[in-house]
Protein chains: 2
Amino acid sequence: MAHKLLLLTQENNKYRELLTSHNLPELIILGDDPSSVCEANIWFAEPQLAAPLLNLGNELQWLQSTFAGVDKITGSRQRRDYSLTNIKGIFGPLMSEYLFGYLLAHQREHAKYKQQQQQQHWAPGSFRTLQGQHLLLLGTGSIAQHIAQTAKHFGMKVTGLSKTGASKSFFDHVDTIDRLADYLPKAHAVASILPSTLDTENMLNETMLALLPAESVLFNLGRGNVLDLDALAEQLLHQPQQHAVLDVFNQEPLPSEHAIWQCPNAIITPHIAAPSFPEQVVEVFVENYHLWCQQQPLNHQVDFIKGY
Amino acid sequence: MAHKLLLLTQENNKYRELLTSHNLPELIILGDDPSSVCEANIWFAEPQLAAPLLNLGNELQWLQSTFAGVDKITGSRQRRDYSLTNIKGIFGPLMSEYLFGYLLAHQREHAKYKQQQQQQHWAPGSFRTLQGQHLLLLGTGSIAQHIAQTAKHFGMKVTGLSKTGASKSFFDHVDTIDRLADYLPKAHAVASILPSTLDTENMLNETMLALLPAESVLFNLGRGNVLDLDALAEQLLHQPQQHAVLDVFNQEPLPSEHAIWQCPNAIITPHIAAPSFPEQVVEVFVENYHLWCQQQPLNHQVDFIKGY
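Residues numbered from 1 in each chain as written. Chains lettered and ligands numbered in written order. Predicted model: local features only at pLDDT ≥ 70, side-chain atom pairs only at ≥ 80, totals over all residues. Heavy atoms only, no water.

## Observations regarding unusual backbone geometry
Note the following rule: Helix and strand assignments follow DSSP, with helices taken as H or I runs no shorter than four residues and strands as E runs no shorter than two, numbered in order from the N terminus. Exposure categories follow from relative accessible area, calculated using a 1.4 Å probe and restricted to protein chains: below 20% of the type maximum is buried, above 50% is exposed, and the middle band is partly exposed.
In this structure, A:Pro253 follows A:Glu252 across a cis peptide bond, with omega equal to -5°. Inspection of the secondary structure assignment puts A:Pro253 in the loop between strand S11 (243–246) and strand S12 (266–268). The phi dihedral of B:Gln295 is positive, around 55°, even though this residue is not glycine. Assignment of secondary structure puts B:Gln295 in the segment after helix H10 (278–293). By relative accessible area, B:Gln295 is classed as exposed at 74%.

This is the structure:
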């Protein structure tokens, strides 16, 4: 019996080509017409495109998300009668590039030396190194573990906070996230890679943000709703030595009138820290498709209750 | 019999304090007066400060350089009748921070996103990653090996070029530096960590520079005389997609009238990639001092002929 695949991405042509280049037995890739939504038993989809169509998927058995973040389709009111898999394992290296690119640019003072260059001014000055600095990671999953590994390579001390506090490779120390307030004051850099769940909502609120050291750098790379953006914008105004590097927001695109755009000590990027590369996403799908055909458990299954 | 130490650094007070805090038996730290130069049998010195005084050092037996680069005191006309040691092993992590800070800032387009932020413009765009890119390192010593290790962590392909071409840890491939012209056209990033010797003088001349790919990034982190700076400035004018990141120069400070200051596709920093931290330099000295007292071979001996 053939399986029928629905493509719901912004790059359907690219994905159709890549999928066709693999030998996927018994798989029919359907067209983009509305009837395909009703017919398909396998969806290959960006969560925000799948969300409004979920209830029309009469035959839906398995949805492969092309993103890591699946909060758009794991809400408590949404259906949960299918297998949901996401992408894991490919984002760690990209997130590390983003985080360490901006962290090194900050600590090694790219902006200062650029300004000196514009004035043809040669002035070696004070110096900071990542060696010995404390990195606090909110989240200890596969992305956080990759970041922790990079941080150890650069000689940093790495603490991870997670729901369970279970120890993980590459971290010097892992604790439970309810102790966040104890760890914030000691961190040189803090990065949230938390998914969007009820537990993480507004975790970095005004009270917590106030615990950040005067010269720290805060990264939000996970999901926007972890952070109170208004409180952060207000705090950065009064703490010019504090910095924030933000890639994810509650509302995307970030509204052009938000005060954080103008903060000289904030860096805003348009959710580009770790894009999904089609080639890598297709690899994850192909492996899962073979497991599916053999009725084996799929890789990267999402737990609807946890939301990741 | 006591040893007499001469301090010749720009931070003599700091070094005096650090050295005094160690238990260094039989060591007298002399004052800064001229007679100390004649009396001291151990010099602890920045090479450019030691150079003009070398011939006055009647008792000189061992000079511990506080820098890695010792070309100021290893010229063919300078005396070679003493033991010269330098600093190795502490610069790798700092050089890696510098190189990957600027390489990631370039590849992950910090400048573009900064400009978009200034316009409150949300525009995720094309994307580059270090994964799979080719890094060509000129030099395969301890600093280059540390950089190679960082590059492998970021998923790059790393080739090293050295005089002998002997294989080294963390490099995918090592070849002899006389084959430079074969490797330049394939590199996404090229970094020279070469010391200043007769062999390396002007190695990156106009002909070699012309072999760099149109979108490559060139780093000079070793010594200024490896590179024809005038030829590079000219080439960057005509190759706006090419970039250079330069920390060392034939003449330092770099004269304010040099055209390279103004190149929008060049980054100029004032020899700050890997400063010597006094604490680390003193550690190297203390270990060597104990070896010296036991008449054991010293660490990091410089070969006057090779110049490193």
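## Regarding the interface of chain B and chain A
Reports of interface size often rely on the accessible area that becomes lost once the parts have come together. The condition that has to hold: In this description, contact between two residues means that some pair of their heavy atoms is separated by no more than 4.5 Å. By buried area we mean how much accessible surface two parts lose on assembly, using a 1.4 Å probe and totalling the loss over both. By convention in these notes, a salt bridge is any Lys or Arg side-chain nitrogen within 4 Å of a carboxyl oxygen on Asp or Glu.
Residue-level contacts link 52 residues of chain B with 52 residues of chain A. By the criterion of area lost to chain A, the three top residues of chain B are B:Glu97, B:Gln117 and B:Trp122, representing 20% of everything that side buries. At the boundary of chain B with chain A, the tally comes to two salt bridges. Between B:Glu97 and A:Arg108 there is a salt bridge whose closest N-O contact spans 3.0 Å. Looking at the side of chain B that touches chain A, the element that brings in the most residues is helix H4 (residues 91–107) of chain B, giving ten residues.

## Overview of the packing of helix H1 (residues 12–21) of chain A against helix H10 (residues 278–293) of chain A
Residue and element names in this part refer to chain A. Short version of the rule: Here an axis means a line fitted to C-alpha atoms, over the contact stretch when the element is a helix, while the angle between two N-to-C directions is reported on a 0 to 180 degree scale. Should an angle fall under 35 degrees it is called roughly parallel, over 145 degrees roughly antiparallel, and 65 to 115 degrees roughly perpendicular, with every other angle called oblique. With the far helix as reference, a near helix turned anticlockwise by less than a right angle produces a left-handed crossing, and one turned clockwise produces a right-handed crossing. Asp, Glu, Lys and Arg are counted as charged, while Ala, Val, Leu, Ile, Met, Phe, Trp, Tyr, Cys and Pro are counted as nonpolar; the rest, among them Gly, fall into the polar class.
Contact geometry for H1 and H10: axes closest at 10 Å, N-to-C directions at 50°. In this view, H1 runs oblique relative to H10, as classed from their interaxial angle. For the pair H1 and H10, the crossing hand works out as right-handed. Note on element contacts: H10 touches H1 through Pro 278, Glu 279, Val 281, Val 282 and Phe 285, opposite Lys 14, Tyr 15, Leu 18 and Leu 19. For the contact of H1 with H10, the per-class residue count stands at seven nonpolar, no polar and two charged.

## What to know about the relation of the copies chain B and chain A
As a reminder of what qualifies: Least-squares superposition of the copies uses the C-alpha atoms of those residues scoring a pLDDT of at least 70 in each of them.
Relative to chain A, chain B is turned by 180° and slid 0.1 Å along the rotation axis, the superposed coordinates differing by an RMSD of 0.1 Å. Here the transformation between the copies is reduced to the relation of a two-fold axis. Nearest to the rotation axis, the C-alpha of B:Gly101 is located 2.6 Å from it, this being the minimum over chain B. An overlap of 100% is found between the interface residues of chain B and their copies at the interface of chain A, pointing to a shared contact surface.

## Focus: helix H5 (residues 110–118) of chain B
Rules: Arc, as used here, means the arc of the directions from the helix axis to the C-beta atoms.
All of the buried residues along H5(B) are B:His110, B:Tyr113, B:Gln116 and B:Gln117. Along the long axis of H5(B), the arc covered by the buried residues comes to 130°, so they all point the same way. Turned more than 90 degrees away from the buried face of H5(B), the exposed residues are B:Ala111 and B:Gln118. Residues of H5(B) that are buried in the fold lie against helix H4 (91–107) and S12 of chain A together with H4 of chain B.

## Notes on the nonpolar core
This is how the line gets drawn: Here the nonpolar core consists of buried residues drawn from Ala, Val, Leu, Ile, Met, Phe, Trp, Tyr and Cys, with membership extended through side-chain atoms lying within 4.5 Å.
Of all hydrophobic cores here, the largest spans 109 residues; its most connected members are A:Phe100, A:Leu137, A:Phe285, B:Phe100, B:Leu137 and B:Phe285. Aside from chain neighbours lying at most four places away, what touches B:Leu137 is B:Ala144, B:Ile147, B:Ala148, B:Val158, B:Thr159, B:Gly160, B:Leu161, B:Phe171, B:Ala191 and B:Ile193.

## Considerations on the sheet that holds strand S10 (residues 217–220) of chain A
All names here are of chain A. Condition: For two strands to be treated as a pair, DSSP must find no fewer than two bridges joining them.
If you walk across this open sheet you meet the seven strands as S8-S7-S6-S9-S10-S11-S12, and the pairing is parallel. Looking at which strands have only one partner, the edges of the open sheet turn out to be strand S8 (173–176) and S12. Across the sheet, the mean angle separating the axes of adjacent strands is 15° when strand polarity is ignored. In the sheet, strand S6 (residues 134–138) pairs with strand S7 (residues 157–162) via five bridges, with the strands oriented parallel. In the sheet register, His 134 faces S7, and the bridge partner there is Lys 157. Contacting S6 and S7, helix H6 (residues 142–153) runs over the sheet at an angle of about 175° to S6.

## Examining the side chain of B:Glu46
Residue and element names in this part refer to chain B. Test applied: The convention is simple: Lys and Arg are positive, Asp and Glu are negative, and His and the chain ends are not counted. Polar contacts, as used here, are pairs of N or O atoms within 3.5 Å; protein pairs need one atom able to donate a hydrogen and one able to accept it. Residues neighboring in sequence count only if both atoms are side-chain atoms.
Its place among the elements puts Glu 46 in the loop between strand S3 (42–45) and helix H3 (47–50). One buried charged side chain, Glu 46, makes no salt bridge at all; its nearest oppositely charged neighbour is Arg 223, positioned 11 Å away. Within the local environment of Glu 46, its side chain forms a polar contact with the side chain of Gln 48, the two groups lying 3.1 Å apart. Excluding residues within four positions of it along the chain, Glu 46 makes contact with Leu 8, Thr 9, Gln 10, Thr 66 and Phe 67.

Note that every value here comes from positions in space, so none of it alone points to a role or purpose.
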